[in-house]
Amino acid sequence: MCWAGSENKGPCLEFSQLSVKDSFRDLFNPQMEIFLMLYTRNSPSCAEPLFEQDNSLSANFNTSKKTVWLIHGYRPMGSSPSWLQNFVRILLNRDMNIIIVDWNRGATTFLYSRAVKNTRKVALSLSRHIQNLLKHGASLDSFHFIGVSLGAHISGFVGKIFQGQIGRITGLDPAGPQFSGKPSNGRLDYTDANFVDVIHTDTNGIEFIKCDHQRAVYLFMAALETSCNFISFPCHSYKDYKSGSCVDCDIFKEKSCPKLGYQTELWKDILKERIENRSLRTTVFLDTVQTNPFCSYYFVLSVIVLDKTMKDGYITFKLLNQLGMVEEPRLYEKNKLFYKLQEVKILAQFLNDVVNISSISLAYFRSSNQQCSTCKHTIRHLMLKSLTYPERPPLCIYNFVLEESREIFLSPNICILNEI
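Here the residue numbering is sequential within each chain, running from 1 through the sequence in written order. Note on the predicted model: pLDDT of at least 70 is required for a residue's local features to be given, and 80 or more for side-chain atom pairs to be given and counted; whole-chain, interface and lining totals, by contrast, use all residues. The basis for the side-chain values is all heavy atoms of the structure; hydrogens and waters are excluded.

**Structural notes on the overall build of the protein**
Worth spelling out the cut-off: Counting from the N terminus, the helices are the DSSP runs of H or I reaching at least four residues and the strands are the DSSP runs of E reaching at least two. Surface accessibility in these figures is a Shrake-Rupley result with a 1.4 Å probe; residues are shielded only by whichever protein chains are displayed.
When helices and strands are tallied, the protein shows 8 helices and 23 strands. Carbon and sulfur atoms provide 48% of the accessible area of the protein, an area that totals close to 19700 Å².

Below, the structure written as structure tokens:
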């Protein structure tokens, strides 16, 4: 742990600055140190010890506010996590106590297995500090542990010590090696807190699964800092999600689809009900764009046809705004079976949000080689709804003819309430 000068008061705590040399030294002389760095709005850029040397609690710690415990993972190079200070800054926008758990001397080692063993030691040490906080009037339910990599499992071990009474645990890319396949007492588990959410950024998987490795921390930060709604879809498997089979979020009632990040807690009661009544964990999926802030925008196009001749084909569509700009989506599993008077839903992802929609471009193509340039198909009802912003009114078009392999442009209107 380092100390840095402050103009207004005593020295500030800084995250332990180690290096590859320390990983090498650990091979012969393993060491373990844990420091708790407190940030609050009273001290947003200057960390201070959570407890003073006489074991008294920092005057800036407010027991009536929520407390986030931020725990890093394996650090073989010894450096400070690049995301740390930005994460603190974003969290402080919500006015809370933030405790950085610096266990760098214990995570900085070439021996990953040694760092894994140290996670139990860190959890035991944290439990003693938590007991001290409880004596000062803090509550377990006000604690939110955010653990990255090995830090996710440390959070789980702390939760086990307190028999699942911690308020919330968020696991960001929980470490897999030496944890995957372990029983629930050997890893982060959904029983470790009142509410446990996990974000995986690979496909080895409430769990949110986003398919782009090592991005969970930045996704969570973006969800906190931006206005993006990172909407996600409950699904049995990634394959089903990619096929567009998981469009409905009816199980979440008026709350609609869960949102990734800090807002996920709004779905806590429904998710807990699913576990208690049917022992169902909820796994949800989403896709993002590749660059920060990673936003993408989901719409669902619902189609009801009147004839029986559209069984083997697919619909494509584009959206035009009032400025005439065209947005073309990525469609999930275009091929659909269209049956008379049965609703078919097509999930679409846009890179940009589309507001003030003036026109919908629509086309129907057969999947087989037997094209029919003269064929016409009657559509009874088409509805376009934003899933990212479900509060927006859906748009509808009624009773029109769609010629095969020919693009048409239609002007939608806000749906009639009893027709939705």
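**A look at the nonpolar core**
Put simply, the test is: By nonpolar core we mean a set of buried residues, namely Ala, Val, Leu, Ile, Met, Phe, Trp, Tyr and Cys, connected to one another through side-chain atoms within 4.5 Å. Summary of the burial criterion: residues with accessible area below 20% of their type's maximum are buried, those above 50% are exposed, and those between are partly exposed, where the area comes from a 1.4 Å probe applied to protein chains only. Here a residue-residue contact requires only that any non-hydrogen atoms of the pair lie within 4.5 Å.
One finds Phe-87, Phe-230, Phe-317 and Leu-362 to be the most contacted residues of the largest nonpolar core, which totals 83 residues. Per-element accounting of this core gives the leading share, 8 residues, to helix α6 (residues 216-225). Among residues more than four places away in sequence, those in contact with Phe-87 are Leu-70, Ile-146, Leu-172, Val-217, Phe-220, Met-221 and Leu-224.

**Examining a nonpolar patch on the surface**
This is how the line gets drawn: Patch definition: residues with relative accessible area over 30% and no salt bridge; like charges joined within 9 Å; nonpolar side chains (Val, Leu, Ile, Met, Phe, Trp, Tyr) joined within 5 Å. For this document, the term salt bridge refers to a Lys or Arg side-chain nitrogen within 4 Å of an Asp or Glu carboxyl oxygen.
On the surface, a nonpolar cluster with roughly 650 Å² of combined accessible area is contributed by Val-20, Phe-24, Leu-27, Phe-28, Met-77, Phe-110 and Leu-111. Considering the arrangement of structural elements, one finds Phe-28 in the loop between α1 (20-26) and β3 (35-40).

**Overview of helix α2 (residues 84-91)**
Keep this limit in mind: Each C-beta atom gives one direction from the helix axis, and the arc is the one those directions make.
When α2 is considered as a whole, its buried residues turn out to be Leu-84, Phe-87, Val-88, Ile-90 and Leu-91. For α2, the angular spread of the buried residues around the axis is 165 degrees, confining them to a single face.

**Notes on the pattern of salt bridges**
A complete count under the given rule lists 15 salt bridges for this structure. Between Arg-25 and Asp-22 there is a salt bridge, and its shortest N-O distance comes to 3.1 Å. Of this pair, Arg-25 and Asp-22 both sit in helix α1, 3 residues apart, roughly one helical turn. Residue class for Asp-22 comes out buried when judged on its relative accessible area of 13%.

**Concerning the pairing of strand β4 (residues 43-49)**
Looking down a regular strand, the side chains alternate between one sheet face and the other. Our working definition: Two strands are counted as paired when DSSP detects at least two bridges linking them.
Across 3 bridges, the pairing between β3 and β4 is antiparallel. Among the inter-strand pairings, Leu-38 is bridged to a residue of β4, identified as Glu-48. Here β3 folds back onto β4 in antiparallel fashion, the turn holding 2 residues.

**What about the state of the cysteines?**
Definition in use: Sulfur atoms of two cysteines make up a disulfide when they are within 2.5 Å.
By the definition in use, this model includes 4 disulfides. With a sulfur-sulfur separation of 1.7 Å, Cys-235 is cross-linked through a disulfide to Cys-246. Torsion about the S-S bond of the Cys-235 and Cys-246 cystine: about 55 degrees, corresponding to right-handed handedness. In this pair, Cys-235 sits in the loop between β11 (233-234) and α7 (238-242) while Cys-246 sits in the loop between α7 and α8 (268-278), placing the two residues 11 residues apart along the sequence. For Cys-396, the disulfide goes to Cys-415, at an S-S distance of 1.9 Å. For the disulfide bridge between Cys-396 and Cys-415, the dihedral angle about the S-S bond is near 90 degrees, and by the sign convention the bridge is right-handed. Here Cys-396, found in strand β21 (residues 395-403), pairs with Cys-415, found in the segment after β23 (413-414); they are 19 residues apart in sequence, far enough to count as distant.

**Details of the confidence of the model for the protein**
Keep this limit in mind: The score called pLDDT rates the predictor's confidence residue by residue, from a low of 0 to a high of 100.
When pLDDT is averaged along the protein, the result is 86, and 87% of the positions lie at 70 or above. Counting contacts from residues 209-213, a segment whose pLDDT is below 50, to residues more than four positions away or on other chains yields 22 contacts.

**A look at the pairing of strand β13 (residues 297-305)**
Among the 9 residues that make up β13, 9 are buried, leaving the element largely enclosed by the rest of the structure. Burial of the side chains of β13 extends over both faces: Tyr-297, Phe-299, Leu-301, Val-303 and Val-305 are buried on one face and Tyr-298, Val-300, Ser-302 and Ile-304 on the other. Examined bridge by bridge, β13 and strand β18 (residues 343-350) share 8 bridges and lie antiparallel to one another. Bridge pairing in β18 places Phe-299 opposite Ala-348. Pairing geometry for β13 and strand β20 (residues 376-386), over 7 bridges, is antiparallel. Considered in β20, the bridge of Val-300 is made with Lys-385.

**Remarks on the packing of α2 against α6**
Selection criterion: Orientation is described by axes fitted as lines to C-alpha atoms, over the contacting stretch for helices, and by angles from 0 to 180 degrees between their N-to-C directions. Between 65 and 115 degrees an angle is taken as roughly perpendicular, under 35 as roughly parallel, over 145 as roughly antiparallel, and anywhere else as oblique. Put simply, a crossing is left-handed when the front helix is turned counterclockwise from the back one by less than a right angle, and right-handed when it is turned clockwise. Amino acid classes used here: Ala, Val, Leu, Ile, Met, Phe, Trp, Tyr, Cys and Pro are nonpolar; Asp, Glu, Lys and Arg are charged; the rest, including Gly, are polar.
The interhelical angle for the contact between α2 and α6, taken along N-to-C directions, is 25 degrees, at an axis separation of 10 Å. By the angle between their axes, α2 is roughly parallel relative to α6. Crossing of α2 over α6 shows left-handed handedness. Contacts between α2 and α6 involve Asn-86, Phe-87, Arg-89, Ile-90 and Leu-91 from the former and Val-217, Phe-220, Met-221, Leu-224 and Glu-225 from the latter. Considering only residue class, the contact of α2 with α6 consists of 7 nonpolar, 1 polar and 2 charged.

**Overview of the UniProt feature "active site" (unreviewed entry) in the protein**
To keep things clear, this is the line we draw: UniProt positions are given in the numbering used here, feature names are shortened, and annotations may be inferred rather than shown by experiment.
This chain's UniProt record puts "active site" (unreviewed entry) on Ser-149, Asp-173 and His-213. Not counting residues within four places of it along the chain, the set of residues in contact with Ser-149 comprises Gly-73, Tyr-74, Leu-172, Asp-173, Pro-174 and Ala-175.

**Section: the sheet that holds β23**
In spatial order, the strands read β16-β18-β13-β20-β21-β23; together these 6 strands make up an open sheet with antiparallel pairing. Every interior strand has two partners, whereas the edge strands, β16 (330-331) and β23, have only one. Strand direction decides the pairing type here: β16 and β18, joined by 2 bridges, are antiparallel. Residue pairing for β18: Arg-330 is matched across the bridge by Gln-349.

**Re the packing of helix α4 (residues 112-135) against helix α5 (residues 150-161)**
Describing two packed helices takes the angle between their axes plus the distance from one axis to the other. Their axes nearest at 8 Å, the elements α4 and α5 cross at an angle of 45 degrees. Relative to α5, α4 is oriented oblique. In this structure, α4 meets α5 at a crossing whose hand is right-handed. On the side of α4, the interface is formed by Tyr-112, Ala-115, Val-116, Thr-119, Arg-120, Val-122, Ala-123, Leu-124, Leu-126, Ser-127 and Ile-130, while α5 contributes Leu-150, Ile-154, Phe-157, Val-158 and Ile-161. Considering only residue class, the contact of α4 with α5 consists of 13 nonpolar, 2 polar and 1 charged.

**Comments concerning the side chain of Thr-119**
Mapped onto the elements of the fold, Thr-119 is located in helix α4. The buried category is assigned to Thr-119, whose relative accessible area is 1%. Residues in contact with Thr-119, not counting those within four places in the same chain, are Trp-103, Leu-150, Ile-154, Phe-157 and Phe-179.

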